[in-house]
Amino acid sequence: MLHVNEIFYSLQGEGFWTGLPAIFVRLSGCNLKCDFCDTDHLDSRQMTEEHIIDEVLQYPSKTVILTGGEPLLQPVGPLVDMLHQNGIKVHVETNGTRPCPPSVDWVTCSPKYKPVIIDRIDELKIVYQGNDVESIRQSCPVASHYFLQPCSGLNIAETVDYIKDNPLWRLSLQTHKLIDIR
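Residues numbered from 1 in each chain as written. Predicted model: local features only at pLDDT ≥ 70, side-chain atom pairs only at ≥ 80, totals over all residues. Heavy atoms only, no water.

**What to know about the overall build of the protein**
- The helix and strand inventory of the protein stands at five helices and nine strands.
- Once the C-alpha set of the protein is aligned to its principal axes, its extents read approximately 45 × 35 × 30 Å.
- Considering only intrachain contacts with a sequence separation of at least 6, the fraction spanning at least 24 residues in the protein is 54%.
- In the form shown here, the protein has an accessible surface area of approximately 8,900 Å², with 53% of it arising from carbon and sulfur atoms.
- Positive and negative side-chain charges of the protein, numbering 15 and 23 respectively, have mean locations separated by a distance of 1 Å. (Helix = DSSP H or I, 4+ residues; strand = E, 2+ residues; numbered from the N terminus. Contact = heavy atoms within 4.5 Å. Areas by Shrake-Rupley, 256 points an atom, 1.4 Å probe, with all protein chains shown as cover. Lys, Arg positive; Asp, Glu negative; His and termini not counted. Charge placed at Lys NZ, Arg CZ, Asp CG, Glu CD.)

Here is the structure:
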């Protein structure tokens, strides 16, 4: 049984896969308390992996994004395996403080305040608040893609300036909020 906050179908709004139709499985619970978080971590319902699969298969996309909170606080390995058995790719959005099943197809790590222990990152996404981006990057495994995201859209100019001075990084906007979709 997993604690599920919600399951919904939309477009990925951030990072490398922006615009990709995907099924979001938002799991409840988080081990951090970020002041800019937009998720109610207490709201959940218990669901079996089979029930989650039944809901996921109602949508035409073949990509599931496990998100949260922190989805890796829960034992997601069996769900990942079952999704793969149904021909579905699995992305995980994590803060990097918990181990990730190696069979996950794409790992987006958005580290916050705790050390990163995850051993694989496909996409490193940092919510930019004028923080020491380079020390955060250096504390993580090498990623394939690097994104900075303005904090709640409030510091866009500062984020753009940082990226222009540090071209390893790319801009990630929360396009789902900009175009007012879920």
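From this point, the discussion proceeds with the structure in view.
**Points about helix α4 (residues 156-165)**
- Here α4 has its buried residues at Thr 159, Tyr 162 and Ile 163. Looking down the long axis of α4, one finds its buried residues gathered within 95° of arc, a one-sided arrangement. The exposed set on the far side of α4, more than 90 degrees from its buried face, consists of Ala 157, Lys 164 and Asp 165.
- Against β7 (121-128), α3 (133-138), β8 (143-150) and β9 (170-171) lie the buried residues of α4. (Buried < 20%, exposed > 50% of the residue type's maximum accessible area, 1.4 Å probe, protein only. Arc of directions from axis to C-beta.)

**Comments concerning unusual backbone geometry**
- Here Gly 68 and Gly 69 are connected by a cis peptide whose omega angle stands at 20°.
- Take Gly 69: it is sitting in the loop between β4 (63-67) and α2 (77-85).

**Notes on the packing of helix α1 (residues 49-56) against α2**
- Two numbers describe how α1 lies on α2: the axes approach to 10 Å, and their chain directions differ by 40°. With respect to their mutual orientation, α1 and α2 come out oblique. Seen along the crossing, α1 lies across α2 with a hand that is right-handed. Residues Glu 49, Glu 50, Ile 52, Ile 53 and Val 56 of α1 lie in contact with α2, whose contacting residues are Pro 78, Leu 79, Met 82 and Leu 83.
- Of the residues assigned to the contact of α1 with α2, the class counts are seven nonpolar, no polar and two charged. (Axes fitted to C-alpha atoms, helices over the stretch in contact; angles between N-to-C directions. Parallel < 35°, antiparallel > 145°, perpendicular 65-115°, else oblique. Left-handed = near helix turned anticlockwise from the far one by under 90°. Nonpolar A, V, L, I, M, F, W, Y, C, P; charged D, E, K, R; others polar.)

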